[in-house]
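One letter stands for each residue in the lines below.
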Amino acid sequence: MSKKAHGTCPYPPQRNLQFSVDWKKADKICCFNRHYAERAGYFLTTTWLRDVKSMMKLKYYDSITGKLLFTAPGKQDETFVFILLHVQFL
């Protein structure tokens, strides 16, 4: 990754991130990270799980540019939540 104006990003992440994601953590992971990302289970400290269970569609945006990346189905059932909480991803 080449150096840019803000670490490896042209500028910092947007301030108002979805799911109550911590801005400082997003800035570190997106722009100043060379190894790994957030710790396992970090999503449990955000509103993501509540939102994915209650919304019909979830729109995911690039945290730097704000551009829409993709739209995913919401209203995930209990099986999805169980697998998410109990399966270790390699």
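Refer to the structure presented above.
Examining the overall build of the protein chain
Part 1: Helix and strand counts for the protein chain come out as three helices and two strands.
Part 2: Mapped in sequence order, the helices and strands of the protein chain form the string α-α-β-β-α.
Part 3: Across the 90 residues that make up the protein chain, the buried fraction comes to 29%.
Part 4: Residue pairs at least 24 apart in sequence account for 42% of intrachain contacts in the protein chain once pairs closer than 6 positions are excluded.
Part 5: Taken as a whole, the protein chain presents about 6900 Å² of accessible surface, with 59% of it coming from carbon and sulfur.

A closer look at the pairing of strand β2 (residues 68-73)
Part 1: Inspection of the sheet shows strand β1 (residues 57-61) paired to β2 by five bridges, in the antiparallel sense. Bridge pairing links Lys57 to Pro73 in β2.
Part 2: In sequence, β1 turns back onto β2 through a hairpin of six residues, with Gly66 there showing a positive phi of about 80°.

So, the nonpolar core
Part 1: Counting eight residues, the largest nonpolar core consists of Phe19, Trp48, Leu49, Val52, Leu58, Tyr60, Ala72 and Val81.
Part 2: Of all the elements in the fold, those that place two or more residues in this core are α2 (48-54) and β1.

Thoughts on the packing of aromatic side chains
Part 1: Evaluation of the coordinates by the stated rule reveals three aromatic pairs.
Part 2: Between the aromatic rings of Phe19 and Tyr60, the centroid separation amounts to 5.9 Å while the plane-to-plane angle is 45°, which identifies the pairing as tilted. Here the residue Phe19 occupies a position in the segment before α1 (23-31), and Tyr60 occupies one in strand β1, the gap between them amounting to 41 residues.
Part 3: Judged by its relative accessible area of 18%, Tyr60 falls in the buried class.
Part 4: Each ring, one from Tyr60 and one from Phe70, has its centre 4.8 Å from the other, and the planes form 20°; the classification is stacked.

What counts, and where the lines are drawn
- Residues numbered from 1 in each chain as written.
- Predicted model: local features only at pLDDT ≥ 70, side-chain atom pairs only at ≥ 80, totals over all residues.
- Heavy atoms only, no water.
- Helix = DSSP H or I, 4+ residues; strand = E, 2+ residues; numbered from the N terminus.
- Buried < 20%, exposed > 50% of the residue type's maximum accessible area, 1.4 Å probe, protein only.
- Contact = heavy atoms within 4.5 Å.
- Areas by Shrake-Rupley, 256 points an atom, 1.4 Å probe, with all protein chains shown as cover.
- Pairing = 2+ DSSP bridges.
- Core = buried A, V, L, I, M, F, W, Y, C linked by side-chain atoms within 4.5 Å.
- Phe/Tyr/Trp six-rings, centres within 6.5 Å; stacked < 30°, edge-to-face > 60°.

Coordinates in, geometry out; function isn't part of it.
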